[in-house]
Amino acid sequence: MLLASLSSQVFAQSTKVTGTIKDAETGDPIVSATVMLKSKKAATTTDALGLFSISAVAGDVLVISNVGFQTLEVPVDLTAPMTIQLKATNRQLGEVVVVGYGTRKRSDITGAVASVPKTRLSQLPVTNVLHAIEGSVAGVNITQNSNVPGSSASVLVRGQNTITAGTGPFIVVDGVPFSKTGSVTNDINPNDIASIEILKDASATAIYGVNGANGVILITTKRGTTGKPVIKYNAYMGLDNLAHILDPSSPEAYVKKYADWWKQVNPTSTQTNVLPTQFERANYAAGKKVDWLDEVLQQGIMQDHNLSISGGSKDFRYYVSGDFMKQQGAVKGYQYKRANLRANLDATITDYLTIGTTISYTNNNYDGGRANFYLATAMSPYGSLYDANGNYAIYPMYEELLYKNPLSGLNNDRTDRSNNLIGNGYAEIKFGGALQGLKYRFNAGYTFVTTRYGYYEGRSFDNQLGTANVSSSETNNWVAENILTYTKDFGMHHLDFTGLYSAQQRNYFTYGANATGFINDELSYNRLEAGATQTSSSYRDKYSLNSMMARVNYTYDGRYLLTATIRRDGSSVMGGNTSKYGNFPSVAVGWNITREKFMQSQKVVDNLKLRSSYGMAGNEAISVYGTITTAGTVRFPFGGNSTIGVLASNLGNGNLHWESAKTLNVGLDFAVLKNRINGTLDYYSTQTSDLLLRRNLPIITGYGSILDNLGKTANRGIELMLNADVISKKDFKWQASVNFATNKNKIVDLYGDGKDDIGNRWFIGKPIGIIWDYKMVGVWQEGEDASQWDPGAKPGDLKFADINGDKKITADDRTVLGQTAPKWTGGITNTFHYKNFHLNIFIQTFQGALRNNVTLTYADEAGRMNIPAETGYWTAENKSNTRPSLRYTNPRGYGYASDNSYTRLKDVTLSYVFPQSALDRMKLAAMTLYVSGRNLYTFTNWVGWDPEFNYSFRGSGDWTNNYPQTRTIVFGVNVSLR
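None of the values given here were measured: they were computed from a predicted structure.

Reading the values: rules and limits
- Residues numbered from 1 in each chain as written.
- Predicted model: local features only at pLDDT ≥ 70, side-chain atom pairs only at ≥ 80, totals over all residues.
- Heavy atoms only, no water.
- Helix = DSSP H or I, 4+ residues; strand = E, 2+ residues; numbered from the N terminus.
- Rg over C-alpha atoms; globule rule 2.2 N^0.38 Å.
- Buried < 20%, exposed > 50% of the residue type's maximum accessible area, 1.4 Å probe, protein only.
- Areas by Shrake-Rupley, 256 points an atom, 1.4 Å probe, with all protein chains shown as cover.
- Lys, Arg positive; Asp, Glu negative; His and termini not counted.
- Charge placed at Lys NZ, Arg CZ, Asp CG, Glu CD.
- Contact = heavy atoms within 4.5 Å.
- UniProt positions renumbered as here; feature names shortened; annotations may be inferred.
- Expected span 1.5 Å × (residues − 1).
- Polar contact = N/O pair within 3.5 Å; in protein donor to acceptor, adjacent residues only side chain to side chain.
- Salt bridge = Lys/Arg side-chain N within 4 Å of Asp/Glu carboxyl O.
- Patch = residues over 30% accessible without salt bridge, like charges linked within 9 Å, V, L, I, M, F, W, Y side chains within 5 Å.
- Core = buried A, V, L, I, M, F, W, Y, C linked by side-chain atoms within 4.5 Å.
- pLDDT = per-residue confidence, 0-100.
- Pairing = 2+ DSSP bridges.
- Axes fitted to C-alpha atoms, helices over the stretch in contact; angles between N-to-C directions.

A. Looking closely at the overall build of the protein chain. Regarding its fold elements, the protein chain presents nine helices and 46 strands. In terms of overall dimensions, the protein chain is globule-like: its C-alpha atoms have a radius of gyration of 32 Å, near the 30 Å expected for 978 residues. For the protein chain, the C-alpha atoms occupy an extent of roughly 130 × 70 × 65 Å along the three principal directions. Across the 978 residues that make up the protein chain, the buried fraction comes to 50%. Total accessible area on the protein chain stands at roughly 43800 Å², and carbon and sulfur atoms take up 57% of it. Positive and negative side-chain charges of the protein chain, numbering 94 and 82 respectively, have mean locations separated by a distance of 6 Å.

B. Main features of the environment of Phe373. Tracing the backbone shows Phe373 in helix H8 (residues 373-378). Here Phe373 falls in the buried class, since its relative accessible area comes to 0%. Along the chain, Phe373 and Thr960 lie 587 residues apart, while their C-alpha atoms are 7.4 Å from each other. Apart from residues no more than four positions distant in its own chain, Phe373 is found in contact with Leu242, Leu293, Val296, Leu297, Val331, Trp945, Tyr951, Asn962 and Pro964.

C. Layout of the UniProt feature "domain: TonB-dependent receptor-like beta-barrel" (unreviewed entry) in the protein chain. When the UniProt feature table is mapped onto this chain, "domain: TonB-dependent receptor-like beta-barrel" (unreviewed entry) is found at residues 362-936. Counting secondary structure, residues 362-936 comes out at 2% helix and 55% strand; the distance between its end C-alpha atoms is 30 Å.

D. Structural view of helix H5 (residues 251-265). Over its 15 residues, H5 extends 21 Å from the first C-alpha to the last, a length consistent with the 21 Å expected when each residue adds 1.5 Å. Those residues of H5 that sit buried are Pro251, Tyr254, Val255, Lys257, Tyr258, Asp260, Trp262 and Gln264. For H5, the secondary structure elements touched by its buried residues are helix H6 (278-286).

E. Here's a closer look at the side chain of Thr713. Tracing the sequence through the fold places Thr713 in strand E34 (residues 705-728). There is a polar contact of 2.5 Å between the side chain of Thr713 and the backbone oxygen of Asn161. Every residue in contact with Thr713, bar those within four places of it in the chain, is listed here: Asn161, Ile163, Thr686, Gln687, Thr688, Leu691, Lys746, Ile747, Val748 and Ile768.

F. Molecular detail of the side chain of Asp541. With respect to the secondary-structure elements, Asp541 resides in strand E26 (residues 533-556). Summary of buried charges: Asp541 has no salt-bridge partner, and the nearest side chain of opposite charge, Arg506, is 4.4 Å away. At a separation of 3.0 Å, a polar atom in the side chain of Asp541 contacts the side chain of Tyr539.

G. Region of the structure containing a negative patch on the surface. Together, Asp247, Asp291, Asp294 and Glu870 line one region of the surface with negative charge. Relative to the helices and strands, Asp247 is located in the loop between strand E17 (227-242) and H5.

H. Structural context of the nonpolar core. Val296, Val331, Phe373, Tyr374, Tyr403, Met865 and Trp945 are the most contacted members of the largest nonpolar core, which has 40 residues in total. Contributions of two or more residues to this core are made by H5, helix H7 (292-296) and H8. Broken down by element, the residue count for this core peaks at five residues, all from H8. Discounting residues that sit within four places of it in the chain, Val331 has contacts with Val296, Leu297, Gln298, Ala371, Phe373 and Tyr963. Val116, Val173, Ile196 and Ile217 belong to the second-largest nonpolar core, a separate cluster that totals 25 residues.

I. Inspection of the confidence of the model for the protein chain at higher detail. Per-residue pLDDT for the protein chain has a mean of 90; in total, 97% of the residues score no lower than 70. Looking over the protein chain, one finds the lowest element-wise mean pLDDT in helix H1 (residues 2-11), namely 40, and the highest in H7, namely 97. Note on residues 1-11: pLDDT is under 50 here. Beyond four places in sequence and across chains, it has zero contacts.

J. How the structure looks around the sheet that holds strand E4 (residues 51-56). With mixed pairing, three strands are arranged side by side in an open sheet as E4-E1-E7. In the strand order of this sheet, the two ends are held by E4 and strand E7 (82-86), each with one partner. Within the sheet, the average angular offset between the axes of one strand and its neighbour, ignoring direction, is 35°. As paired elements, strand E1 (residues 15-23) and E7 share five bridges and run parallel to each other. Within E7, the residue paired with Ile21 across the bridge is Ile84.

As structure tokens, this is what we get:
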């Protein structure tokens with residue numbers, strides 16, 4: 001009896017069972033899946049890597065369940081770690097979403113959180129992660145203002161809430177702040193990204209407090225999973241060319257244009273020269289022509305190579321990758337190279353302690369002298385490309401000195417590089433016993449960013465003295481976060497709590513030096529002391545942020561959801577007369593209607609969740625030291641010597657604090673017809689107060705203005721995202737995804753007096769960004785009398801509307817013509833699967849916006865430059881009613897506002913996934929071949945290079961870097977080795 005009893009106790013002794021829960025279709029780990037012993041009430045949940053650990057005895061059965069997946073019963077295996085796969089029923093509900101300082105199941109989310117489709121993160125030829133997001137998420141407007149290789153994009157989440165402050169969202173990578181560290185989005189390798197979530201409403205963004213008013217983008221990079229090493233090589237290479245060419249006038253049309261210009265400017269004189277300049281006339285006589293666009297353009301080439309190794313055991317997991325990207329621009333001299341290394345490591349030290357680290361290094365290289373694309377479009381076809389010595393002629397249309405050779409910039413020395421080293425680490429402790437469900441996590445991050453710039457231009461650029469400048473900067477940023485989480489299930493109640501205390505500090509230093517007056521160009525910018533005149537400058541600042549946050553999530557029976565959050569931030573940039581701290585609360589509720597008993601008998605609606613939130617987020621919107629009074633330096637002669645003096649610069653305001661944005665959001669998540677159609681619908685309304693605006697001061701104070709908390713704005717909109725399995729057969733599937741967003745903002749108040757600010761074009765009751773200008777109604781024709789309406793106007797001049805009815809055209813006739821932000825945006829993705837072939841087509845649209853069109857204005861240079869063949873001009877013979885004469889110099893500064901709406905065939909990707917039989921023969925784990933095209937065609941009425949990007953007139957903006965939209969076609973391969 002005694003022996004039998006001892007034997008029974010030995011065999012019944014519990015053993016720790018470990019394993020991984022994965023998605024049967026994708027192989028991804030399933031987070032927060034419930035693992036329960038069938039014979040007991042003991043249970044646990046999987047961690048962020050899908051791992052679980054539970055004590056069991058021989059013969060026990062595990063019951064694994066998760067929202068959106070079939071429940072599975074599996075006998076325990078006491079001999080080795082288990083790998084268990086669950087089949088999805090409604091993948092969207094079971095999807096685990098990063099929500100900031102943690103994760104939640106999609107079914108339990110109460111805020112407005114959107115996930116970027118993972119197909120956007122692979123097989124697309126983009127150098128910047130923001131370009132992959134463009135157009136794919138409702139309410140997120142990403143504009144590519146420049147197409148220069150290595151350029152980023154501007155991002156607006158749910159429109160514009162502020163007038164003068166920054167509007168970009170706050171970016172967090174792997175739980176650690178990325179924005180405000182000196183990093184740029186080019187430092188993120190798209191191949192390393194596992195998921196991207198965008199937090200849009202106050203409930204979701206309030207946890208980031210003073211950084212949350214403009215939305216938050218959460219980027220999670222790939223990490224290792226248990227299993228044997230997986231080696232992946234992804235590469236693509238392709239061609240880059242202009243997507244649309246705005247052809248300049250032909251040589252014959254250019255000659256005629258000069259004759260027409262002469263006739264309009266000198267109506268009583270006879271034209272004596274066929275062309276205006278000496279070089280042009282000589283080349284015309286000799287029959288020499290230059291195609292300037294052809295000279296500055298080249299075959300753009302883009303290539304990317306990425307190698308990664310991932311894997312690990314239950315105690316140690318790793319993901320290591322290296323990437324090299326190289327882009328040769330379609331315009332000569334433009335190039336971009338990026339090298340990136342990353343190592344993500346996770347180690348389970350004990351049952352209660354897990355540690356990990358993320359280390360990444362990025363080098364960005366934008367070196368090289370550049371051709372000037374704008375000058376190439378304006379140059380005479382009869383100009384001289386080379387001089388008598390075979391060098392680039394500095395002034396191809398000599399004696400015209402306004403337009404330099406567009407290729408002469410290639411002779412300039414230019415170095416432009418940056419390095420970013422990021423090191424993050426964490427330690428996580430899980431408590432047991434009476435503290436089961438309690439976890440403490442410590443995150444620490446350090447970012448070190450350096451930049452280096454050097455530039456020299458000399459005699460070949462017609463700088464007879466030579467000019468050199470060099471600059472360098474260094475940014476050190478550290479962040480430390482203490483995170484306490486507690487999760488508890490009791491009966492049908494689920495409760496989790498997150499608490500945070502964090503500190504962040506950024507130190508920035510930059511210096512620069514300039515020199516001019518070199519005896520020759522041999523030393524470039526390498527010996528500034530060789531210049532006759534040198535100047536130097538330097539600057540340093542420090543920024544600090546302390547934060548506390550508490551969040552509670554409560555769920556009852558999976559039906560009723562509650563999230564309450566409060567964050568308290570203390571920022572060093574706030575005014576000295578304030579506490580420097582502010583509180584940002586939010587609350588959200590949700591109702592999973594389909595889990596109610598009265599919904600169980602119907603078979604049409606698979607998911608229906610109503611959610612609502614209200615809360616407040618902030619926007620610092622103040623530069624470092626922007627609240628204090630500062631002085632600048634000025635050099636002036638005194639007593640025969642050059643002396644440094646002090647000059648009033650900025651008048652401080654110690655009472656300044658952040659802008660506050662209060663947002664109401666109401667949303668509906670739904671799925672019908674056995675989940676064949678699912679989507680989300682959201683309505684939001686944001687009221688932003690205490691806007692930071694500059695208030696004018698009497699000049700007697702010595703200052704022109706002071707920054708103050710004054711204005712108010714209102715912003716509201718509707719967002720819709722819809723997904724559908726249109727056809728689902730054995731060999732053929734058609735899936736469609738649609739997103740739509742409309743947004744309206746307006747200025748509610750400015751300075752408290754109810755008055756508009758005409759100088760800044762801010763009007764109460766109107767959108768923040770508007771076009772305020774004259775309203776063009778035609779062109780004055782011969783025989784029309786303009787003397788009463790617009791004295792001085794001549795035939796061929798623009799005709800404007802008399803808005804105020806005083807029968808004359810004055811500045812008072814300017815009016816609001818439209819808004820610069822789109823009235824609505826959208827995108828549609830169609831994905832077709834036929835056996836192993838997959839075709840993805842993405843179309844993007846941008847509607848209802850106006851933009852001033854510099855392509856249509858020539859100022860006083862129409863007789864000196866070539867013009868686009870498409871724009872044309874007025875003559876007495878053609879009687880154009882849309883274009884002015886060549887004589888017209890646009891004295892009122894009319895901006896030629898034009899509708900820049902467009903619909904673009906943004907991406908098309910055709911891929912082939914090799915079947916297992918072929919992979920076995922090649923001894924590979926997986927292989928995909930694809931061809932992908934980007935910016936393939938644009939439907940628009942815009943007259944110009946592209947309706948999306950900024951194009952500047954000579955001498956304004958970044959005109960030397962005008963770079964049109966390009967069309968890219970690449971061929972790629974993704975290979976996984978066994």
